[in-house]
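Here is how the chains run, residue by residue.
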Amino acid sequence: MARRSRVDEVVDGLFDDIVARRLLADQALPSEPELGERFDVSRVTVREAVKTLQARGVVRVESGRGSFVQPVSRWTSLSAVLAATSATGDAEAAEQLIELRRIFETGAAALAASRATPDEVDAIAADLDAMRDAHRTDDLASFVAADLSFHDRIIAASRNPFLTVMFAPLTEVLSERRAQTSRVRLIQEHAIVEHEHVLDALRDGDPEDARRAMDSHMRQTLEDLREHVLHA
């Protein structure tokens, strides 16, 4: 267990360097002896850490040449990509995240409309009520929590385990993004209206209406992001 922990320390340290652009795409990692000295670990531990990053597509190993940072476009770990793009606060990445949500969540809403139980729809409605209450009391943390729960419940009600697993890495990043955008009360108002339309479609059990309602919500979210956050 101790050795695994030391590997994680090296992985996290190198990943932080890459995200902070202290190590750039196609740049070689420091040598094994240098990394061993920096982290006070053995070469075996360094090699295991590099293998972990290689498995995520973050690093490539070239025989006889060393280990090099991969461009983010070649990374294979969704959680790593999300962590990197979230850390940079890049406007393009923020918009791309909404594009990804749009792909996931419109389909999930359509599935949930035909598969959600009455109890699940009631729980989704309760989240919307919590959003309204939090908006009235200017409770940002509660608003964000209820907003995230609303969407998580729809993903769960889709009854598609692949959607659930693929959406899970987004949760932490979405929480940070929601806290940023939901500080604007007008955005909260827009979100409440859009969520009402999604809930109505779920209650009616209409997959196409649910898809359209969620798509409208994602479009509104993108417009609000551009107008009130990125260009504010």
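So, here is what we can say about the structure in this document. (Residues numbered from 1 in each chain as written. Predicted model: local features only at pLDDT ≥ 70, side-chain atom pairs only at ≥ 80, totals over all residues. Heavy atoms only, no water.)

### Focus: the overall build of the protein
For the protein, the count of helices and strands is 11 helices and 2 strands. Ordered by position from the N terminus, the helices and strands of the protein form the series α-α-α-β-β-α-α-α-α-α-α-α-α. Projected onto its principal axes, the C-alpha positions of the protein cover 60 × 40 × 30 Å. A buried classification covers 43% of the 232 residues belonging to the protein. Surface exposure of the protein reaches about 12,100 Å², of which carbon and sulfur atoms provide 51%. Positive and negative charge centroids in the protein, built from 29 and 41 side chains respectively, lie 6 Å apart. (Helix = DSSP H or I, 4+ residues; strand = E, 2+ residues; numbered from the N terminus. Buried < 20%, exposed > 50% of the residue type's maximum accessible area, 1.4 Å probe, protein only. Areas by Shrake-Rupley, 256 points an atom, 1.4 Å probe, with all protein chains shown as cover. Lys, Arg positive; Asp, Glu negative; His and termini not counted. Charge placed at Lys NZ, Arg CZ, Asp CG, Glu CD.)

### Things to note about the environment of alanine 168
As for its position among the elements, alanine 168 is in the loop between helix H8 (161-167) and helix H9 (170-181). The exposure class assigned to alanine 168 is partly exposed, which follows from its relative accessible area of 45%. For the pair alanine 168 and glutamate 48, spaced 120 residues apart in sequence, the C-alpha separation works out to 26 Å.

### Comments concerning the pairing of strand E1 (residues 59-62)
In the sheet, E1 pairs with strand E2 (residues 66-69) via 4 bridges, with the strands oriented antiparallel. Within E2, the residue paired with arginine 60 across the bridge is phenylalanine 68. In this antiparallel pair of consecutive strands, E1 and E2, the connection spans 3 residues, and glycine 64 shows a positive phi of 80°. (Pairing = 2+ DSSP bridges.)

### A closer look at the packing of aromatic side chains
On inspection of all chains with the given rule, the structure shows 2 aromatic pairs. Seen from their ring centres, phenylalanine 15 and tryptophan 75 are 5.7 Å apart, and the 50° between their planes marks the pair as tilted. Here tryptophan 75 lies in the loop between E2 and helix H4 (78-88) and phenylalanine 15 lies in helix H1 (residues 2-19), a separation of 60 residues in the sequence. Neither residue differs from the other here; phenylalanine 15 and tryptophan 75 are each classed as buried. (Phe/Tyr/Trp six-rings, centres within 6.5 Å; stacked < 30°, edge-to-face > 60°.)

### Some details on the nonpolar core
Counting residues in hydrophobic clusters, the biggest one holds 37 residues, and the most contacted among them are Met131, Ile154, Leu170, Val198 and Leu202. Breaking this core down by element, the ones donating at least two residues are helix H5 (91-115), helix H6 (118-136), helix H7 (140-157), H8, H9, helix H10 (185-204) and helix H11 (207-230). Among the elements that line this core, the one with the most residues is H7, at 8 residues. Residues contacting leucine 170, with those up to four places away along its chain left out, are Leu82, Leu97, Leu100 and Phe104. One finds Leu14, Phe15, Val41 and Ala49 within the second-largest nonpolar core, a separate group that totals 22 residues. (Core = buried A, V, L, I, M, F, W, Y, C linked by side-chain atoms within 4.5 Å. Contact = heavy atoms within 4.5 Å.)

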